[in-house]
Structure formats: structure tokens, C-alpha cells
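# Residue-level structural notes
Listed below are the residues making up each chain.
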Amino acid sequence: MDKFSECLWRSAFEVVYGWIYKADVVGRENFPKEGPVIVAPNHKSNNDPCIVGRALPRHVSFMAKEELFKNPISNFFCRWLGAFPLKRGGVDKIAIRHAMGLLKNNLVLGIFPEGTRQKKDNTLGRFHDGVASMALRTGVPVVPVAIMGSYQMKRGQVAAVIGKPIPVAKAKPTTEAIAELNEKVRVALQGLMDDYRAAHPDFKR
């Protein structure tokens, strides 16, 4: 993505999520300044990629469901923001190759481990294999990002909490290895949410 486009959408996101919704951002200093990174946020609404994009200091390319690319308007915005389509329900080799290419070029890849949106703010859904499998194949660290309040989007009740990178050793993505890494990410996300609520008693989401 060229610098002008990134500056444009960052400015737009700052107006919407910073000025209008007063979305809080915590832990930006935890994010690696360089090198490949896999970002693993929980998923509550269609606002989530934008909230994460604003929160992170580096551009993130999200793997998104292919249905979003069938509508001309959403297709334009998804591709403008650097997202790329994923066919769900099977192994999408094209999407996997694109994701691997991003990491090979020391860029930031975003994957929602839950796959689909979860409607309850205090609940994490079942994790799919995508984040853990990609991390194990490449040995790239995973950064958990807890998104809070994005389902109802009330002013002053939205937050993105960036956790510390979870180191991953390159290994075969066996069922056991995927389950173990998924659990680490799940525990990290839940901890970020619990700690934020404890530190912000007025936060109701």
C-alpha cells in the first residue's frame, strides 16, 4: 500500500473511531517495529478490522471471507485497505500463498482466530486452525489484540488492547501443536480483556 492511501484511511479511521467513538488504544508499544507478525484479534463486528488498523502502528493485511469481495463497494474498500479473500469451508491455497508471501516480505498479517463474529462481548468463540497453523508453518510470532465494545459501538465504550508477542517455533502444524498454540492465544486475549476491565471500572462492555 502506498503512503498516501495509508495516510488517507488512517485519517478517516481517526475521525470515526478516535474523535467520534473515543476508542481507547492500549499497548501500542508492545507491537514489533519490524519483521513479520501475525495479528490475532477477537471478532465482534465489521468494525473490527478498522479498529485494529487504527490501533496498530504498522499496516495490517487482513484475511477476510470471500463474501465481502462480491459486493462492488465492499470489494473496493477491502482491497484498498489491503485485505484479501479467503474461501471458507476448505483449504484455500491461493489465500495461503498470499499470506505466506506477506510474512516472507516482513509484513503484518491479520487473521481472526474465531473466524466469524461473536455477538457476546464477554465470550470468545471456538478457535479455527488458521492463526496457529500459519504461525507454526512460518515460526512468526502472534500478537493478540483484544477488541472490546465493537458490537454495540457506544462512545467511550470501545477499546483495542494490544498484547505482547507470543513467540512461536517453526514446527509441523499437528493437531496437538495447533491446539496448544490456540490455547496460548485464547488465554492471552482473555487476560487482556479481564485486565482492561479491572483497570477501567466504568467500561461496561
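If you look the protein chain up in an unreviewed UniProt entry, it shows as 1-acylglycerol-3-phosphate O-acyltransferase from Veillonella seminalis ACS-216-V-Col6b.

### Observations regarding the sheet that holds strand E6 (residues 142-148)
Judged by pairing direction, the sheet is mixed, and its seven strands sit side by side in the order E1-E7-E6-E2-E5-E3-E4 without closing on themselves. A strand with exactly one partner marks an edge of an open sheet, and here the two such strands are strand E1 (24-26) and strand E4 (84-86). Each strand of the sheet is rotated relative to its neighbour by a mean of 25 degrees, with strand direction disregarded. Docked against the sheet, helix H5 (residues 130-138) engages strand E2 (37-41), strand E5 (108-110) and E6, running at close to 165 degrees with respect to E2. Across the sheet, helix H6 (residues 175-199) is in contact with E1, E2, E6 and strand E7 (159-162); its angle to E6 comes to roughly 40 degrees.

### Observations concerning the pairing of E2
Within E2, five of the five residues are buried, which leaves the element mostly enclosed by the surrounding structure. Alternating positions in E2 separate into two faces, Val37, Val39 and Pro41 on one and Ile38 and Ala40 on the other, with burial throughout. Across three bridges, E2 lies against E5 in parallel orientation. Across the sheet, valine 37 pairs through a bridge with valine 108, a residue of E5.

### Regarding unusual backbone geometry
The backbone of lysine 22 sits at a positive phi, close to 55 degrees, despite the residue not being glycine. Relative to the elements of secondary structure, lysine 22 occurs in the loop between helix H1 (3-20) and E1. Positive phi, normally seen in glycine, also occurs at asparagine 106, with a value near 65 degrees. One can find asparagine 106 in the loop between helix H4 (93-104) and E5.

### So, the layout of surface pockets
Of the pockets and cavities examined, the largest pocket occupies roughly 1200 Å³. Met63, Ala64, Lys65, Leu86 and Ile111 are the residues nearest the centre of the largest pocket, which is lined by 41 residues in total. Counting residues per element, the ones that place at least two in the lining of the largest pocket are H1, helix H2 (48-55), strand E3 (60-65), helix H3 (72-80) and H5. A total of five residues in the lining of the largest pocket trace back to one element, the largest contributor, which is E3. In the lining of the largest pocket, the residues fall into 20 nonpolar, twelve polar and nine charged.

### Comments concerning the side chain of asparagine 42
Inspection of the secondary structure puts asparagine 42 in the loop between E2 and H2. A distance of 2.6 Å separates a polar side-chain atom of asparagine 42 from the backbone nitrogen of isoleucine 147.

### Re a nonpolar patch on the surface
On the surface, Val15, Val16, Trp19 and Ile20 cluster together into a nonpolar patch covering about 360 Å² of accessible area. Tracing the sequence through the fold places isoleucine 20 in helix H1. The exposure class of isoleucine 20 is partly exposed, given its relative accessible area of 44%.

### Some details on the packing of aromatic side chains
For any pair of aromatic rings, the description consists of the separation of the ring centres together with the inter-plane angle of the planes. Enumeration according to the criterion identifies five aromatic pairs in this entry. Each ring, one from phenylalanine 62 and one from phenylalanine 112, has its centre 5.1 Å from the other, and the planes form 15 degrees; the classification is stacked. Of the two residues, phenylalanine 62 sits in strand E3 while phenylalanine 112 sits in the loop between E5 and H5, which places them 50 residues apart along the sequence. These aromatic residues form a ring-pair network of at least three members: Trp9, Phe13, Tyr17 and Tyr21. The residue whose ring lies beneath arginine 186 is phenylalanine 127, and the NZ or CZ to ring-centre distance is 4.4 Å.

Criteria and cut-off values
Residues numbered from 1 in each chain as written. Predicted model: local features only at pLDDT ≥ 70, side-chain atom pairs only at ≥ 80, totals over all residues. Heavy atoms only, no water. Pairing = 2+ DSSP bridges. Helix = DSSP H or I, 4+ residues; strand = E, 2+ residues; numbered from the N terminus. Axes fitted to C-alpha atoms, helices over the stretch in contact; angles between N-to-C directions. Contact = heavy atoms within 4.5 Å. Buried < 20%, exposed > 50% of the residue type's maximum accessible area, 1.4 Å probe, protein only. 1 Å grid on protein atoms, 1.4 Å probe; cavity = no way out; pocket = protein on both sides within 12 Å on 5 of 7 lines; lining within 4 Å. Points joined across faces, edges and corners; volume = space filled by probe spheres on them. Nonpolar A, V, L, I, M, F, W, Y, C, P; charged D, E, K, R; others polar. Polar contact = N/O pair within 3.5 Å; in protein donor to acceptor, adjacent residues only side chain to side chain. Patch = residues over 30% accessible without salt bridge, like charges linked within 9 Å, V, L, I, M, F, W, Y side chains within 5 Å. Areas by Shrake-Rupley, 256 points an atom, 1.4 Å probe, with all protein chains shown as cover. Salt bridge = Lys/Arg side-chain N within 4 Å of Asp/Glu carboxyl O. Phe/Tyr/Trp six-rings, centres within 6.5 Å; stacked < 30°, edge-to-face > 60°. Lys NZ or Arg CZ within 6 Å of the ring centre and 35° of its normal.

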